[in-house]
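Chain and residue survey
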Amino acid sequence: MPKKIKKIGVLTSGGDSPGMNAAIRSVVRTCAYHNIECAGVYRGFEGLIEGDFKLMDARSVKGIINKGGTILKTARSKEFRTKEGRQKAFDKLNQAEIEGLVVVGGDGSFNGAMILNKEFGFPVMGIPGTIDNDIVGTTHTLGFDTALNTVVDAIDKIRDTASSHNRLFFIEVMGRDVGHIALNAGIAGGAEEILIPEEDLGLDRLVESLKRSRKSGKSSSIVIVAEGDKIGKNIFELKDYVDENMEGYDVRVSVLGHMQRGGSPSCFDRVLASRMGVKAVESLLEGKSNYMVGLQNGKMELTHLDNAIKGKTKINLELLRVSDIMST
C-alpha cells in the first residue's frame, strides 16, 4: 500500500493558457473530496523556492472556472535550474509538509518536475497546459481548443476587411515549432493557404498557388502562417516576396500574438481541465508519480513525463489533405 498523502501542492508554470484556472479548481476540489489539504504555489517554481504557498479549500476556487490566465501566476525561474535552487524548493516543500505536487504547464515545466522527482524522489504529476498542443500523450492540451476558437474568430473578422478591399492577408498564429493551431484554424477559417513547419510549401509554390486562386476568380485571400514556419525568416519577409513577385493584391500582415493565450476557456477546455485535475490527484493518491495526465481515445491516461517531453507530436495527415482540397 502506498503511503497516504495528506497534502498536495499545485502550481502553474511556463506560458499561461486558458483552462489553467479550471485545472487548479479541479485539483483543489478533488483534494477536498478526498479529505486532504491542498496548497497553491504562487509564481511557479520561483514560488516553490521561496515557499510562496497558500492553503486552498473548495471555496478558494469559486468563480474561476470561466477565467483565463492563472490565479496562481506563473514565472520563469533561473534559480530552479541549479541544484542549489532545487534543494531550496525541496526543503520548502518539506517544511510545508507537502507530499505531492501537480504541475500544470508545458515541456519545460514537466522537465523541472521530472528533475525534482529524480533528485529527491518527490512525487509529481503533470497536467499539459499549453495552447500549442505540442505535448505527446494527449490529443488536446489545455488551452488548445480555446486558442483555436480565438484564432478562427479573428480570421472571420479579418476576412471581412480582406474581401472589402481585395486584399491578401498573411495572418501569423502561435504554435512554436508545430502547426496544429495553423492547420486546424486555417481549415475552419477557410484559408486559401496554410504554412506550417511540418510541410515546406516553398516561396515559389506559394506564389503559384495564389496566382491560381486569382485566376479562379478570388479577389481576396487569407494565408495562415504558423510562427515556426521556415519558408521565410519571418512573416514580413513573406509579404515582401509576394509584393515583388505578384501583382493585383494589396498585401497586409496581421500577427495575432498573445491574444491567442487569453480569454475565457471553451466548454471543451473546462471539462478537460476538470477531468485532468481529478486524474492527477487520484493518481498521486494511488502512489503513482512522474507521469502526465492526458486525453487518449476519449479517456484519461497516464504518460511518463520523459516520453511526454522527448516525444514529437505528428501533424494530422488527413487534415493536410482536407486543407489541399478546400483551397481549390
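Before reading on, note that the structure itself is shown above.
Described in the following lines is the structure provided in the data block.

Calculation rules
Residues numbered from 1 in each chain as written. Predicted model: local features only at pLDDT ≥ 70, side-chain atom pairs only at ≥ 80, totals over all residues. Heavy atoms only, no water. Helix = DSSP H or I, 4+ residues; strand = E, 2+ residues; numbered from the N terminus. Contact = heavy atoms within 4.5 Å. Buried < 20%, exposed > 50% of the residue type's maximum accessible area, 1.4 Å probe, protein only. Axes fitted to C-alpha atoms, helices over the stretch in contact; angles between N-to-C directions. Parallel < 35°, antiparallel > 145°, perpendicular 65-115°, else oblique. Pairing = 2+ DSSP bridges. Left-handed = near helix turned anticlockwise from the far one by under 90°. Nonpolar A, V, L, I, M, F, W, Y, C, P; charged D, E, K, R; others polar. Polar contact = N/O pair within 3.5 Å; in protein donor to acceptor, adjacent residues only side chain to side chain. Salt bridge = Lys/Arg side-chain N within 4 Å of Asp/Glu carboxyl O.

Remarks on the environment of Ile158
Mapped onto the elements, Ile158 comes out in helix H5 (residues 144-165). For Ile158, the contacting residues outside a window of four places in its chain are Phe169, Ile171, Ile222, Ser254 and Leu256.

Remarks on the environment of Ile194
Mapped onto the secondary structure, Ile194 falls in strand E7 (residues 193-195). Look at Ile194 and you get buried, because its relative accessible area is 13%. Those residues in contact with Ile194 that lie beyond four places of it in its chain are Ala182, Leu183, Gly186, Ile187, Ile224 and Ser323.

Some thoughts on the environment of Ile36
Locating Ile36 in the fold gives a position in the loop between helix H1 (20-33) and strand E2 (37-41). Residue classification places Ile36 among the buried residues on the basis of a relative accessible area of 9%. Sequence separation between Ile36 and Lys7 is 29 residues; the distance between their C-alpha atoms is 5.6 Å. When sequence neighbours within four positions are dropped, the list of residues in contact with Ile36 reads Lys4, Ile5, Lys6, Ile8, Cys31 and Leu285.

Quick notes on the packing of helix H3 (residues 83-95) against helix H4 (residues 107-120)
Packing of H3 against H4 leaves a shortest axis separation of 11 Å and a crossing angle of 80°. As far as their axial angle goes, H4 and H3 are roughly perpendicular. Note on element contacts: H4 touches H3 through Ile115, Leu116, Glu119 and Phe120, opposite Lys83, Arg86, Gln87, Phe90 and Leu93.

What about the sheet that holds strand E8 (residues 221-226)?
Ordered by their spatial adjacency, 4 strands build an open sheet running E7-E8-E6-E9, and the pairing between neighbours is parallel. Of all the strands in the sheet, the pair left with one neighbour each is E7 and strand E9 (250-255). When the angles between neighbouring strand axes are averaged without regard to direction, this sheet yields 20°. The pairing of E7 with E8 spans 3 bridges and is classified as parallel. The residue of E8 that forms the bridge with Leu195 is Val225. In the packing of helix H6 (residues 180-188) onto the sheet, the strands contacted are strand E6 (167-173), E7 and E8, and the crossing angle to E7 comes to about 175°. Packed onto the sheet, helix H8 (residues 235-245) meets E6, E7, E8 and E9 and runs at close to 175° relative to E9.

Describing the packing of H1 against helix H9 (residues 267-285)
In the contact formed by H1 and H9, the axes pass within 8 Å of each other and the chain directions differ by 40°. One finds that H1 runs oblique with respect to H9. The handedness of the crossing between H1 and H9 is right-handed. Residues Ala22, Ala23, Ser26, Val27, Thr30 and Cys31 of H1 touch H9, and the partners they reach there are Arg270, Ala273, Ser274, Gly277, Val278, Val281 and Glu282. Residues belonging to the contact of H1 with H9 are distributed by class as follows: 7 nonpolar, 4 polar and 2 charged.

Considering the side chain of Ser13
As for its position among the elements, Ser13 is in the loop between strand E1 (7-12) and H1. Among the residues examined, Ser13 registers a relative accessible area of 5% and is labelled buried. Of the polar contacts made by the side chain of Ser13, one reaches the side chain of Ser109; its length is 3.1 Å.

Observations concerning the pattern of salt bridges
Per the counting criterion, the structure on display carries 15 salt bridges. Where Arg252 meets Asp250, a salt bridge forms, and the shortest distance between an N and an O atom there is 3.2 Å. Judged by relative accessible area, Arg252 falls into the partly exposed class, the value being 33%. Overall, Asp250 belongs to the partly exposed group, its relative accessible area being 30%. Two residues, Lys288 and Glu286, come together in a salt bridge whose shortest N-O distance is 2.8 Å. Lys288 sits in the partly exposed class, given a relative accessible area of 32%. For Glu286, a relative accessible area of 47% puts it in the partly exposed group. Residues joined by salt bridges that share partners form a network here, namely Arg43, Glu50 and Asp52.

A short note on the pairing of strand E10 (residues 291-296)
Both strand E5 (residues 124-128) and E10 contribute to a ladder of 2 bridges, which runs parallel. Across the sheet, the residue bridging to Met125 is Tyr291, located in E10. Two strands pair when backbone bridges link them, and E10 and strand E11 (residues 299-304) are joined in this way by 6 bridges, in the antiparallel orientation. Note on E11: the bridge partner recorded for Gln296 is Lys299. Between E10 and E11, which pair antiparallel one after the other, the connecting turn spans 2 residues, and Asn297 there sits at a positive phi close to 55°.

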